[in-house]
Amino acid sequence: MYSILFFVATVAVILGARKLVANLDKFESKAIKNRWIWGIACSVSLAIGVLVIPAHLSLLKVPFIVFAIFGAMVFFEMSRNFIEKAMAVHNGK
């Protein structure tokens with residue numbers, strides 16, 4: 001049962017990350033627009049969720065792991081967008 005809920009939450013988080021990156025221009029905060037902050041936050045969140053919190057506190061582990069997946073997807077989507085822009089500039093030369 002929990003694995004099904006975890007899968008549904010993961011898919012929802014991935015779709016939410018794509019939507020966030022698509023609407024990134026609307027945000028004024030530079031911290032939200034910085035992909036390296038997202039990468040560091042997802043790494044720290046994953047480390048806390050997997051290594052720090054003990055196994056018997058699984059209700060605390062899940063939000064950290066889900067946020068790590070969200071942060072990683074935001075990081076990778078932002079990286080993909082930057083690579084596409086760089087390729088377009090390179091091809092334009």
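The residue numbering used here restarts from 1 in each chain and proceeds along that chain's sequence as written. Owing to the predicted nature of the model, reporting of local features is limited to residues with pLDDT of at least 70; listing and counting of side-chain atom pairs is limited to 80 or more, with chain, interface and lining totals taken over all residues. Based on all heavy atoms of the structure, the side-chain values leave hydrogens and waters out of the count.

Topic: helix H4 (residues 58-92)
Keep this limit in mind: We count a stretch as a helix when DSSP gives it H or I for four or more residues in a row; a strand needs E for two or more, and each element gets its number in order from the N terminus. Each helix should span, by expectation, one fewer than its residue count multiplied by 1.5 Å. Throughout, a residue-residue contact means that at least one pair of heavy atoms, one from each residue, lies within 4.5 Å.
Its 35 residues give H4 an end-to-end C-alpha distance of 51 Å, which sits within 8% of 51 Å, the value for a rise of 1.5 Å per residue. As for H4, its buried residues are in contact with helix H1 (2-22), helix H2 (30-33) and helix H3 (35-52).

A short note on the layout of surface pockets
Here is the rule: Using only the protein atoms, space was sampled on a 1 Å grid; points where a 1.4 Å probe fits but cannot get out form cavities, open sets with protein on both sides within 12 Å along at least five of seven lines form pockets, and lining residues are those with an atom within 4 Å of a point. Grid points are joined across faces, edges and corners, and a volume is the space filled by probe spheres set on the points. Each residue is assigned to one class: nonpolar for Ala, Val, Leu, Ile, Met, Phe, Trp, Tyr, Cys and Pro, charged for Asp, Glu, Lys and Arg, and polar for all the others, Gly among them.
The computed volume of the largest pocket comes to approximately 180 Å³. Forming the boundary of the largest pocket are Val21, Ala22, Leu24, Asp25, Lys33, Met78, Asn81, Phe82 and Lys85. Those elements that provide at least two residues to the lining of the largest pocket are H1 and H4. Sort the elements by how many residues they give to the lining of the largest pocket and H4 lands first, with four residues. Counted by class, the lining of the largest pocket contains five nonpolar, one polar and three charged residues.

Focus: the side chain of lysine 61
Which entries qualify depends on this criterion: We call a residue buried when its accessible area falls under 20% of the maximum for its residue type, exposed when it is over 50%, and partly exposed in between, using a 1.4 Å probe and counting protein chains only. As used throughout, the charge tally considers Lys and Arg to be positive and Asp and Glu to be negative, leaving His and the chain termini uncounted. Whenever Lys or Arg places a side-chain nitrogen within 4 Å of a carboxyl oxygen from Asp or Glu, that contact is recorded as a salt bridge. We define a polar contact as two N or O atoms separated by no more than 3.5 Å, with the added condition that, inside protein, one atom must be a possible hydrogen donor and the other a possible acceptor, whereas residues neighbouring each other in sequence contribute only through side-chain atom pairs.
By the element assignment, lysine 61 lies in helix H4. Buried and without a salt bridge, lysine 61 has glutamate 77 as its closest oppositely charged side chain, separated by 27 Å. A distance of 3.4 Å separates the side chain of lysine 61 from the backbone oxygen of glycine 49, its partner in a polar contact. Apart from the residues within four sequence positions on either side, lysine 61 is in contact with Gly49, Val50, Ile53, Pro54 and Ala55.

Description of the nonpolar core
The nonpolar side chains of soluble globular proteins are, as a tendency, buried together. Stated precisely, the cut-off is as follows: We define a nonpolar core as any set of buried Ala, Val, Leu, Ile, Met, Phe, Trp, Tyr and Cys residues linked to one another through side-chain atoms lying within 4.5 Å.
Membership of the largest hydrophobic core is limited to 11 residues, which are Val13, Ala17, Leu20, Val21, Leu24, Trp38, Val66, Phe70, Val74, Phe75 and Met78. With five residues, the single largest contributor to this core is H4. Contacts of methionine 78, omitting those with residues within four sequence positions, involve Val21, Leu24, Ile32, Lys33, Asn34, Arg35 and Trp38.

These figures capture arrangement, not role.
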